[in-house]
Amino acid sequence: MVAFHRRSLAVPLLVVAAIAALTLWSAFGGNAPRAVQAENARTVRFNMAWLPQGSMAGIFVAIDKGYFADAGIDVEPVRGFGGMRTANELDQGMFEFAYIDPLSVALNRSKGGKVRMIGGINMRLPAGACFVKERHRVEKPADLAGLRFGAGQSSMIQALLPAWLKANGVDPARVEQIQLDPAIVVSSLVEGRIDAAECWLGNSLALFDKAAKAKGVTIGRIGYADFGLDVYGSGFATQDALIEKDPELVRGFLKAAYRGYADAARDPKAALAIIRKAYPLLDEAVTERQIRETAALMVAEGGSHRLKPEKVERTVTYLQASGQLQGFDQAPQLFTNAFVPMGNQP
């Protein structure tokens, strides 16, 4: 195998990152359209944790159809920069609501933050390890040994991967973890600068497949959940202070949002048309696939969006196995089900 040096990867990736940043700004820059404000509506900002994509379709459907307006809420969706940064920005009061995973919430609270999940979206962890089939054969975690594994700097998986590998009998030191700008993870794998990469249902998996097809190669994937990592992916979160100060705002936001996601699941093509009204440069096939994958993730526990204490606590257990959150006793404070609409969503 050719010797690998981080510095050799850094220069071309920085160039790609600069181009990607300009492209993403031209495609997604500016403010997302918002529904006509109801009289006396409360304006709130929603951090999407990343760029607008199919996993966020429910929010845009709820805006477009006036579900938030019916609740007296004017929602402004804003792009984010990964789960951990999103949790910190939410905690600092830059946003009222956000799309966040329990791990990022736990890390935030371990440092004195007061962020809390209020309902699930990815009821099954959507993350996995992707690879190019023509170059590697990865059927189980042990097959990642000796490979260069790339993931975004603010990804929750950076913290969980060592414990997951160890639980599957793999020495974490045998997998070279490389932190990348999230915008270049896909191209880095397809072009062979890394051997495996973090990939997500409802998010980047469709982008991996599209880029691989253009390159004449095919993507393989193993899911972390298929090998013991039974934790939640992302869901809705807010601050303890907002829960205490305005519980009806939290309840109204969540009810309208889930209504939008239910509509998106029933009619993905209509949801695609709505989100592309706001962001017309979104790829139709990629975005529709993200919408459909998100809908499948949302019904993984029979359609309930309530978070189970034992499944949230497993996130803390994995973090502790990775050497983090030692002595952490706030697992019950990571979430609340008080605002989740009861029963399965229509």
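Everything numeric in this text was worked out from a predicted model, so none of it was measured.

Looking at the sheet that holds strand β1 (residues 42-47)
Then comes step 1: As summarised here, the arrangement of the 5 strands in space is β2-β1-β3-β10-β4, forming an open sheet in which the pairing is mixed. Strands with a single pairing partner mark the edges of an open sheet, and in this sheet they are β2 (73-78) and β4 (115-120). Neighbouring strand axes in the sheet, compared pairwise and without regard to direction, differ in orientation by 30° on average.
Then comes step 2: Packed onto the sheet, helix α2 (residues 57-64) meets β1, β2 and β10 (235-239) and runs at close to 145° relative to β2.

With respect to the environment of Pro-268
Then comes step 1: With respect to the helices, strands and loops of the structure, Pro-268 is situated in helix α11 (residues 268-278).
Then comes step 2: Each C-alpha atom of the pair Pro-268 and Gly-58 lies 9.9 Å from the other, and the pair is 210 residues apart in sequence.
Then comes step 3: With residues near it in sequence (within four places) discarded, Pro-268 still touches Glu-288, Ile-291 and Arg-292.

With respect to the nonpolar core
Then comes step 1: Of all hydrophobic cores here, the largest spans 52 residues; its most connected members are Leu-125, Leu-144, Trp-164 and Tyr-224.
Then comes step 2: Residues contacting Leu-144, with those up to four places away along its chain left out, are Ala-129, Val-138, Trp-164, Leu-165, Arg-174, Val-175 and Ala-196.
Then comes step 3: Listed in part, the 42 residues of the second largest apolar core include Ala-62, Tyr-67, Phe-236 and Val-340.

Concerning unusual backbone geometry
Then comes step 1: Not every positive phi belongs to a glycine, and Ala-49 is a case in point at roughly 70°.
Then comes step 2: Mapped onto the elements of the fold, Ala-49 is located in the loop between β1 and α2.
Then comes step 3: In this structure, Leu-325 is a non-glycine residue whose phi angle is positive, near 60°.
Then comes step 4: Among the structural elements, Leu-325 can be located in the segment after α13 (309-321).
Then comes step 5: On the basis of relative accessibility, which here comes to 10%, the residue Leu-325 falls in the buried class.

Topic: the state of the cysteines
Then comes step 1: Scanning all chains against the criterion turns up 1 disulfide.
Then comes step 2: Each disulfide pairs two cysteine sulfurs, and for Cys-130 the partner residue is Cys-199, the sulfurs being separated by 2.1 Å. Residues Cys-130 and Cys-199 are joined by a disulfide whose S-S torsion is about 85°; by sign, that bridge is right-handed. Taken as a pair, Cys-130 in strand β5 (residues 127-132) and Cys-199 in strand β8 (residues 196-200) lie far apart in primary sequence, 69 residues in all.
Then comes step 3: By relative accessible area, Cys-130 is classed as buried at 0%.
Then comes step 4: Here Cys-199 falls in the buried class, since its relative accessible area comes to 0%.

Observations concerning the confidence of the model for the protein chain
Then comes step 1: Of the residues in the protein chain, 87% reach a pLDDT of 70 or more, and the chain-wide mean stands at 88.
Then comes step 2: Low confidence marks residues 1-31, where pLDDT is under 50. Its contacts with residues over four positions away, or in another chain, come to 35 contacts.

Examining the sheet that holds β5
Then comes step 1: Ordered in space as β7-β6-β8-β5-β9, the 5 strands form an open sheet in which the pairing is mixed. Either end of the sheet is taken by a strand with one partner, and the two such strands are β7 (176-180) and β9 (219-223). Across the sheet, the axes of successive neighbouring strands diverge by a mean angle of 35°, strand direction being ignored.
Then comes step 2: As paired elements, strand β6 (residues 148-152) and β8 share 2 bridges and run parallel to each other.

Some thoughts on the packing of aromatic side chains
What describes a pair of aromatic rings is the distance from one ring centre to the other and the angle between the planes of the rings.
Then comes step 1: Counting across every chain of the model gives 9 aromatic pairs.
Then comes step 2: Between the aromatic rings of Phe-68 and Phe-253, the centroid separation amounts to 5.3 Å while the plane-to-plane angle is 25°, which identifies the pairing as stacked. Placement of Phe-68 in helix α3 (residues 67-70) and of Phe-253 in helix α10 (residues 247-266) is noted, with a sequence separation of 185 residues between them. In this pair, the class of Phe-68 matches that of Phe-253, namely buried.
Then comes step 3: When the ring of Phe-236 is compared with that of Phe-253, the centres are 5.8 Å apart and the planes differ by 90°; the resulting orientation is edge-to-face.

Analysis parameters
- Starting afresh in each chain, residues are numbered from 1 along the sequence in its written order.
- pLDDT decides what is reported in this predicted model: residues at 70 or higher carry local features, side-chain atom pairs at 80 or more are listed and counted, and totals for whole chains, interfaces and linings draw on all residues regardless.
- For side-chain calculations, the full set of non-hydrogen atoms in the structure is used, while hydrogens and water are omitted.
- DSSP calls a pair of strands paired once it identifies at least 2 bridges connecting them.
- Secondary structure is summarised from DSSP: a helix means a run of H or I of at least four residues, a strand means a run of E of at least two, and numbering begins at the N terminus for each.
- Helix axes are fitted to C-alpha atoms over the stretch in contact, other axes to C-alpha atoms as well, and angles between N-to-C directions run from 0 to 180 degrees.
- We call two residues in contact when some of their heavy atoms are within 4.5 Å.
- Note on terminology: a nonpolar core comprises buried Ala, Val, Leu, Ile, Met, Phe, Trp, Tyr and Cys residues joined through side-chain atoms within 4.5 Å.
- Each residue is placed in one exposure class: buried if its accessible area under a 1.4 Å probe, protein chains only, is under 20% of its type's maximum, exposed if it is over 50%, and partly exposed if it falls in between.
- Counting rule for disulfides: a pair of cysteine sulfur atoms within 2.5 Å.
- As a per-residue measure, pLDDT reflects the predictor's confidence and takes values from 0 up to 100.
- Working definition: a ring pair exists when centres of Phe, Tyr or Trp rings (six-membered ring for Trp) sit within 6.5 Å. Plane angles under 30 degrees give stacked, over 60 give edge-to-face, the rest tilted.

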